[in-house]
Amino acid sequence: MPMDERILIVGAGLSGAVIGRELALAGHLVEIIDTRDHIAGNCHTERDEETDVMVHVYGPHIFHTDDKEVWDYVNGFQKFMPYKNRVKATTGERVYSLPVNLHTINQFFGKTLRPDEARAFIEEKADTSITDPQSFEDQGLRFVGRELYEAFFQGYTQKQWGCSPRDLPASILKRLPVRFNYDDDYFFHKYQGMPETGYTDMVAKILDHPGITVTLSTQFKRTQAGSAQHIFYSGPLDGYFDFELGRLAYRTLDFERFTYNGDYQGCAVMNYGDAAVPFTRITEHKHFSPWEQHEGSVCYREFSRECGPGDIPYYPVRLVRDKEQLSKYVARAEQEKAVTFVGRLGTYRYLDMDVTIREALDTARLFIARRNAGAEMPVFLNRPV
Ligand code: UDP
């Protein structure tokens, strides 16, 4: 295979940047285009002009992983500063510790339970008639009982996903642990941190290779793929096919920015569990960079809603109906040649950053191995349905 064959990558987010770099290192010429006017996709960070605070423009992104190789990979491009995600929740006019832990249980029920006592107490509250939780609601009622479920999960989830938690899969709630100790780290991964100069700077360094060119503000058109020998596509799967089978459902977010002189809420993320409060959470960005000093503060109130044609897609909804539509797009995609769909949007999955990077590394390696063997590259690394 000629090593100077032209590879087109659609999207300069984590997937596109990591695949691009691996292929450039292997000697390929890589052209990356992105519809937006910046790199780094939804983990894009930039300094707020007014306060100089590093802002997570598309909402909170905290890097956490158990994958040593991925951790070493990102550390090769950025110094990761120690950061623990400690989220608080306001519900029923009180503030609690999250994820639900011994402190939350004792605060909520006004008790001083020890771990074993709390476990027995919650087991009594839990709906043990649910043996195989299928829905988000089943999962909540089975593992924390009705009171905690209603205070912390029901309202928030209704706002976040725009539907009843009864219609959502249990897997969404499985992202959150319930702990019978005072560990309030939101994540249970071995490695966690925040890039010292932001995610966009990290992605810029990943992209900084003479074999890579990046063109921004450029919309991909299937008909213009031109002479590329292979395309790695990290844009929306339905967008690749001009939505010919309808639109896959996404949630989009609106951020209401406000500033404050001082410390507005004392933590990076405050969730709001009450259904009557229209936003899901408030992010105070300067707390994502605790090693920096800033007098002023910039905060985002986060509102979730259905994603329309002109909006930025954030969360794939993946209800039964969406999965049926996804199956049709996957079948359609499998008829394509010389294209591989990657990342959150390309595979319509709720992906954390570390998994995105892991899959991007695996995709690039498979491509290189297949090329060397003269074999075809699959359309999906892992079939999304
Ligand atoms: N969730 C909730 N209450 C909370 C936080 C999360 O009900 O205070 C639910 C909600 O449905 C959310 C899911 O748990 O979509 C996963 O939460 P996570 O914090 O992982 O969401 P992300 O940070 O990806 O938006």
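Structure shown above.
Residues numbered from 1 in each chain as written. Predicted model: local features only at pLDDT ≥ 70, side-chain atom pairs only at ≥ 80, totals over all residues. Heavy atoms only, no water.

A. Expanded view of the sheet that holds strand S16 (residues 315-316). An order of S8-S7-S13-S14-S15-S12-S16 is seen for the seven strands of this open sheet, with the pairing classed as mixed. Two strands in the sheet have a free side with no partner beyond their single neighbour: strand S8 (94-97) and S16. Both strand S7 (residues 88-91) and S8 contribute to a ladder of four bridges, which runs antiparallel. Bridge pairing links Thr-91 to Arg-94 in S8. (Pairing = 2+ DSSP bridges. Helix = DSSP H or I, 4+ residues; strand = E, 2+ residues; numbered from the N terminus.)

B. Region of interest: the site of the ligand. Near the ligand lie 16 residues; those nearest to it are Thr-157, Tyr-186, Asn-271, Tyr-315 and Tyr-350. Here an oxygen atom of the ligand sits 2.4 Å away from a polar atom, N or O, in the side chain of Tyr-315. Within the side chain of Tyr-350, one N or O atom sits 2.6 Å away from an oxygen atom of the ligand. Within the complex, the protein chains bury 92% of what would otherwise be the 530 Å² of accessible surface of the ligand. In terms of residue count, the dominant contributor to the shell around the ligand is helix H6 (residues 145-161) (six residues). (Near = heavy atom within 4 Å. Polar contact = N/O pair within 3.5 Å; in protein donor to acceptor, adjacent residues only side chain to side chain. Areas by Shrake-Rupley, 256 points an atom, 1.4 Å probe, with all protein chains shown as cover.)

C. View of unusual backbone geometry. A cis amide bond, omega -15°, links Leu-98 with the succeeding residue Pro-99. Among the secondary structure elements, Pro-99 is positioned in the loop between S8 and helix H3 (102-109). Despite not being glycine, Arg-318 has its phi angle at roughly 60°, a positive value. Judged by relative accessible area, which is 19%, Arg-318 ranks as buried. (Buried < 20%, exposed > 50% of the residue type's maximum accessible area, 1.4 Å probe, protein only.)

D. Focus on the packing of aromatic side chains. As enumerated under the stated definition, the model contains 34 aromatic pairs in all. Ring centres of Tyr-233 and Tyr-240 lie 4.9 Å apart, and the angle between their planes is 75°; this geometry places the pair in the edge-to-face category. Comparing Tyr-233 with Tyr-240 shows no difference in burial state: the two are buried. Feature note: the residues Phe-220, Tyr-233, Tyr-240, Phe-241, Tyr-329, Phe-341 and Phe-380 constitute an aromatic cluster, connected by ring pairs. Stacked on the ring of Phe-143, the Lys or Arg Arg-142 has its end atom at 5.2 Å from the ring centre. Here Arg-301 stacks its cationic end above the ring of Phe-279, 5.8 Å away from the centre of that ring. (Phe/Tyr/Trp six-rings, centres within 6.5 Å; stacked < 30°, edge-to-face > 60°. Lys NZ or Arg CZ within 6 Å of the ring centre and 35° of its normal.)

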